[in-house]
Amino acid sequence: MPEATVHENATNRKKRGEAERTLLSPWTLERPHGKLGYWLVFAGVFALFTLAFVVPLVWMLLGAMKTAPELARTPPTILPERFNVDSYVEAWTFMDLAGYFTNTVVVAAGAWLLQLAVIVPAAYALSKLRPVLGNWVLGLMLATLMLPASALLVPTYLTITDVPLVGVNLINEPAAIWLPAAANAFNLYLLKRFFDQIPTELLDAARIDGAGSVTTLVRIVLPLSRPILAVVSIFAIVAAWKDFIWPLLVLQDPGVQTLSVALQRFEPDTPINLMLAGLVLASVPMVVAFLIFQRQILAGLTAGSLKG
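Model, not experiment: these values are computed from the prediction.

**What about the side chain of S87?**
Point 1. Along the polypeptide, S87 turns up in helix α5 (residues 86–94).
Point 2. Here the side chain of S87 touches A64 through a polar contact of 2.9 Å, landing on its backbone oxygen.
Point 3. Leaving out residues up to four positions away in the same chain, S87 has contacts with A64, K66, N273, L274 and A277.

**Examining the pattern of salt bridges**
Point 1. If you walk through the whole model with that rule in mind, you get four salt bridges.
Point 2. A salt bridge links K192 to D196; its shortest N-O distance comes to 3.0 Å. With a gap of four residues between them, K192 and D196 both fall in helix α10 (residues 185–196), about one helical turn apart.
Point 3. The exposure class assigned to K192 is buried, which follows from its relative accessible area of 11%.
Point 4. For D196, the salt bridge is made with R193, and the minimal N-O distance between the two is 3.9 Å.

**Section: the nonpolar core**
Point 1. If you look at the biggest cluster of nonpolar residues, it comprises 26 residues, and the most contacted ones within it are Y88, M95, L97, F101, W241, L259 and L263.
Point 2. Residue assignment for this core shows that the elements contributing at least two residues are α5, α6 (97–129), α13 (226–242), α15 (259–266) and α16 (272–302).
Point 3. It is α16 that provides the largest number of residues to this core, a total of eight residues.
Point 4. Sequence-distant contacts of Y88, defined by excluding residues within four places in its chain, comprise L61, A64, M65, A277, V280 and L281.
Point 5. In this structure, Y124, L190, L191 and V231 belong to the second largest nonpolar core, which totals 22 residues.

Conventions and cut-offs
- Positions within a chain are numbered from 1, following the residues in the order the chain's sequence is written.
- Local features in a predicted model are, by the rule used here, given only for residues with pLDDT of at least 70; side-chain atom pairs are given and counted only at 80 or more, and totals for whole chains, interfaces and linings are based on all residues.
- In computing side-chain properties, one takes all heavy atoms of the structure into account and sets aside hydrogens as well as water.
- Under the scheme used here, helices are H or I runs from DSSP no shorter than 4 residues and strands are E runs no shorter than 2 residues, and both carry numbers assigned from the N terminus.
- In the analysis that follows, any N or O atom pair within 3.5 Å is treated as a polar contact, provided that within protein one partner can donate a hydrogen and the other can accept it, and provided that, for residues neighboring in sequence, both atoms belong to side chains.
- Contacts are residue-level and defined by heavy atoms, with any inter-residue pair within 4.5 Å sufficient.
- Here, a salt bridge means any side-chain nitrogen of Lys or Arg that lies within 4 Å of a carboxyl oxygen of Asp or Glu.
- Relative accessibility under 20% of the residue-type maximum defines a buried residue, over 50% an exposed one, and the middle range a partly exposed one, all with a 1.4 Å probe and only protein chains included.
- Take the buried Ala, Val, Leu, Ile, Met, Phe, Trp, Tyr and Cys residues and link them wherever side-chain atoms come within 4.5 Å; each set so joined is a nonpolar core.

What follows is the structure, given as C-alpha cells:
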C-alpha cells in the first residue's frame, strides 16, 4: 500500500476519533469482537438499571393487590394469589386520599407558578440585561446549592413564622411552601444557561423595533424557551409533589397536609397492603406526567444552542 494512502487512512481515523470521543474508538466497534463486547456491556447495564428502578415499582404495585397476611409471609410470594384491586378503592376511602390529593395539587401548582414568576425574569436579567454585580448575585445563588438542605430548615422556618416586613405567620398555609420553592437556584441556572444561547441579534432587532425588555422577554425569549421551560416546570412540580420534611414542619393541621405527610401519619394504623396501594396512587400522577412530557424533558435537557 502506498505511503500516502496509509497516511490518509490514519488521518481519517484520527479525525473520526476526535469527532467521537468515546471509551472505544469507531475502528474497534467495527470489529466483530468490539460489537459483541459493546452489546454485552450495554445489555448488562440496561438490565441492572431496570432491576434497580423498575422492580421496586412492580413489587409495590403487586404488593397492593395482596392481602396483609400474604405480604407478611416468609418467603414472600412474587405474584399475588388473587389479583385484588379492591385494595386501591379501600385505600382511597379509608385514608380519604381525595382531600390530600387536592391539597397536594394546590401546593404543587402554586409552587410551580410562583417559581416561574420569580426565576424567569431573574434568569433573563442575569443573562441578557447584565445588571451591575450580576455575576456576584448568581454566584451567591449557586453557593446555596453547596449547603445541605437540613442546614436551611431552621432559618427558613423562622422566616416563615414571621415573614419580614409583613409580620405574617404562614404556618398551615400553602404559601409556606410556595415562597421557599420560588428561590430555586438550580432551575434559575438552567434557564440562564439556555438564555445565554439565544442570539443577541434577535434581541437587538426587537429593541430597534421599539420593544422593551418585558415585551422582548414575552414575545421572543419565552417562545424560544419552551423546551427548557418544560424541564423546569417538571422539576418544580415533582419537587413540590414529593417533598416531605418541609411540609411536615409547616403543615401541622391534618386538613391541609399533602399526600406525603398524610401517608406517613396513617402508616402506624393502616394495613400494609392499603399503605402500598396509597403509595401507588400517590405516584401515579408524576409517572403519567413524565410519560406524557418525556420528549419535551429530553429535548430541554439536551438543548445546547440556537442557530439564528
